[in-house]
Amino acid sequence: MALFTFRGGVHPFDGKALSKDKPIEEYKPKGDLVYPLSQHIGAPAKAIVEKGQRVLMGERIAEAGGFVSACICASVSGTVKGIEKRRTVTGDMVDCIIIENDGFYEKAEPLTDKTFEQMSREEVLAVIRDAGITGMGGAGFPTHVKLSPKEPEKIDTIIVNCSECEPYLTSDYRKMLEEPDKLVHGLEIMLSLFDNARGVLAVEDNKPDCIKLLKEKTAGKERISVAALKTKYPQGSERQLIFAVTGREINSKMLPADAGCVVNNTDTVIAINNAVTEGEPLIHRIVTVTGDAVKDPRNFKVYTGTDYSELIEAAGGFVTEPAKIISGGPMMGFAMFDLHVPVTKSSSALLCMSTDEVAKWEPSACINCGRCVDVCPSRLIPSHIADHAAHFNEEEFLGLYGMECVECGCCSYVCPAKRQLAQSIKTMRRLVMAKRKKK
Amino acid sequence: MSDTENKEKTAGEKMKETAQLLKSVSPTPHVRDKVSTSYLMGMVIAALMPAEIYGIWHFGPRALIITLISIACCIFFEWGFDKIIKKKSTVGDLSCVVTGLLLAMNLPVAVPLWIPVIGAFVAIVVVKMLFGGLGQNFMNPALGARCFLVLSFARYMTDFSYKPGWGGADVVSSATPLARLKAGESVDLMQMFIGNEGGTIGETSAVALLLGGVFLIACSVITWHVSLCYIVSLLAFTAVFGGRGFDITYLGGQLYGGGLMLGAFFMATDYVTRPITRKGQVIYGIFLGILTGIFRVFGPGAEGVSYAIIIGNLIVPLIEKITVPRHFGYKKPAKEVA
């Protein structure tokens, strides 16, 4: 079978061997749980609990603050300690609900008492919304919004992003191996919302065991197929994934729906299954604790709101002093200066590296080698765009299609002069977007 | 008293501990490829070695002396320039060593020893550093210096006489194979392929240069686009306009002679002075081939590689302008309006 892919991309050291063969273990939080009200794309959620109130596990503690927003459910039973500003992975101070865990894990009423077969489309969407499901790959786009496009009949492909192209991450890999039935059923639930669509499980070919397993599980299911993707970063980038699977290209002004596609991450699809079939809101997620500075890298099933520092302890602590701690993978994750931040719905990994490769190199002059051009999945000229960005040359920046950058960071990765290309381009994109918003 | 002191101390220590706990942050990505500028330059130096070693073996110890002077002067001028303008030294990126080596390989073995010194000064100071150093020069430094030397010291730069080997006593002073071809004489292709001919130190051995070029392409230091387009278009041009048709000896002479191999693999592919996109590189290669052909066939001299590449360097910004690639998901503007 031919491999699906796109032009460009890089092959960084993948480091998955560290945690690949470690089965998922449940981790029960010891300290208080912290729920940032803004852990998704869109309007922040609005708290609906008060200080001193007792909440149950799975009870809604904050409701969606707008159309593009998501609610938040408590992951443990306990008492609300307060609502205060806490630091999150991005370094921002965000309003957070803080809950003291009583250790009973007393469950609230399930989201629905109907079975999937009894539910109408609207009811399925309502359950997904009430479960507070957001994209669990990193961006955190509210899933019920994604699943309600303007013209649902035009959607012909639902892609489950099982590529996990980020180095070091193994949370999706473990989920695929351990809960393939839930994954396939989650996809079937999504297919029930779109009559004209086929479902594609897109897996990178560095996970042949997953491809084989998923093929077995989907055998005989006419609407579902498994696509083997070429292993390279950023294969899991939404635009590149749609192109690899369907051959359709979208740009920054379009949504996946414009290409007839809906793309969801592995963990998100399993969360959809759990919400619809078991009435369980999104209160856990798999976090890979890994890196060469961690004693015993592992995959944990973590209650959202758990403090990151607890996970390090659970993984045996540090073997060496980590130089850099990243929430997420090394290509797209957030570097943290402090471990005391909560796990959110979109945290996929805690990566602790003993060397800081960024600080190790000093940026030098661009030699025009063109390696960034070769790897850019958006087919741009990163070095020239970054140059214009550094000089705040907006017209030239836009003329070279600077806004089409997907911020994957491949250009910075390959640059032999170690220039911070992605950083310059990102900064300029933020400025242009802020300016457009003002208008 | 002692109690409060103790307390302050612990508070201070606590602060220190917290500060140590803070990790460095940076924007994504957090990992970097191992390939660096000095690695790429090192690969180019390695790829030039077969031709350089052949040159030293063929032309004798004087070739080695000229090469060493050229490289040493290039390093010295770059270091000195950085020192004078109080900038951090950029010698470590090895690009000045590449320049020095290329310059020496572009000189005849009989030149006086002060020629490489002047050449190095022009290459490093005038062509490269005055324009802002590595990455900012609009012209290949080694070629810029060579053209300057040819114009200023034509007598030395066109004297291709040499004592072959390390013990040779008889001076060989025949014209270069390309000049003989132009005069209508015949050449021995095999000798040209090996490099047993007159010429500059590094240009004579086609096989050694080809080896280095293929090595660079295989290690993805350069791509084939510029080199192949250059060579193919030159051969096509000389076949059509050379007046000898598809004469194998004539075309082979054009291919192996006159620094085409050195130019196509090592100087036209210079990162800084070639277009950055593949499409631009193809246009640039074809342009160089045609220009070299014009110089060789219709020009007064037999050679044309250096001037063709230098003129090519100058039109690179224009090529870049018309070869901006279409981004992923590009839609025709008309569609966007509708």
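Residues numbered from 1 in each chain as written. Chains lettered and ligands numbered in written order. Predicted model: local features only at pLDDT ≥ 70, side-chain atom pairs only at ≥ 80, totals over all residues.

Counting its secondary structure elements, chain A contains 14 helices and 17 strands. The C-alpha radius of gyration computed for chain A amounts to 21 Å, which stays within 12% of the reference 22 Å derived for 439 residues, consistent with globular compactness. A buried classification covers 57% of the 439 residues belonging to chain A. Within chain A, contacts between residues separated by at least 24 positions form 72% of all contacts whose residues are at least 6 apart in sequence. (Helix = DSSP H or I, 4+ residues; strand = E, 2+ residues; numbered from the N terminus. Rg over C-alpha atoms; globule rule 2.2 N^0.38 Å. Buried ≥ 20, exposed ≤ 12 C-beta atoms within 10 Å, placed from the backbone. Contact = placed C-beta atoms within 7 Å.)

The next point concerns the domain arrangement of chain A. All names here are of chain A. For chain A, the domain assignment lists domain 1 (134–278) and domain 2 (371–438). The C-alpha-based centres of domain 1 and domain 2 are spaced at 28 Å. Looking at the side of domain 1 that touches domain 2 residue by residue, the class counts come to 2 nonpolar, 4 polar and 1 charged. (Domains from an automatic or database assignment. Nonpolar A, V, L, I, M, F, W, Y, C, P; charged D, E, K, R; others polar.)

All names here are of chain A. Here we have 4 strands laid out as an open sheet, ordered β2-β8-β7-β4, and antiparallel in their pairing. On the outer flanks of this sheet lie β2 (33–36) and β4 (54–55), each paired with one strand and no other. Pairing of β4 with strand β7 (residues 78–87), which is carried by 2 bridges, proceeds in the antiparallel orientation. Bridge assignment links Val55 to a residue of β7, and that residue is Gly78. (Pairing = 2+ DSSP bridges.)

Let us look at the environment of Tyr250 of chain B. All names here are of chain B. Take Tyr250: it is sitting in helix α12 (residues 248–256). With 19 C-beta atoms counted inside 10 Å, the residue Tyr250 sits in the partly exposed group. For the pair Tyr250 and Val187, spaced 63 residues apart in sequence, the C-alpha separation works out to 8.2 Å. Apart from the residues within four sequence positions on either side, Tyr250 is in contact with Leu181, Gly242 and Arg244.

This brings us to helix α7 (residues 266–278) of chain A. All names here are of chain A. Over its 13 residues, α7 extends 18 Å from the first C-alpha to the last, a length consistent with the 18 Å expected when each residue adds 1.5 Å. With respect to burial, α7 is a largely interior element, 11 of its 13 residues being buried. Three or more residues of α7 are buried, namely Thr266, Asp267, Thr268, Val269, Ile270, Ala271, Ile272, Asn273, Asn274, Ala275 and Val276. In the stretch just after α7, Gly279 is the one whose phi turns positive, near 65°. (Expected span 1.5 Å × (residues − 1).)

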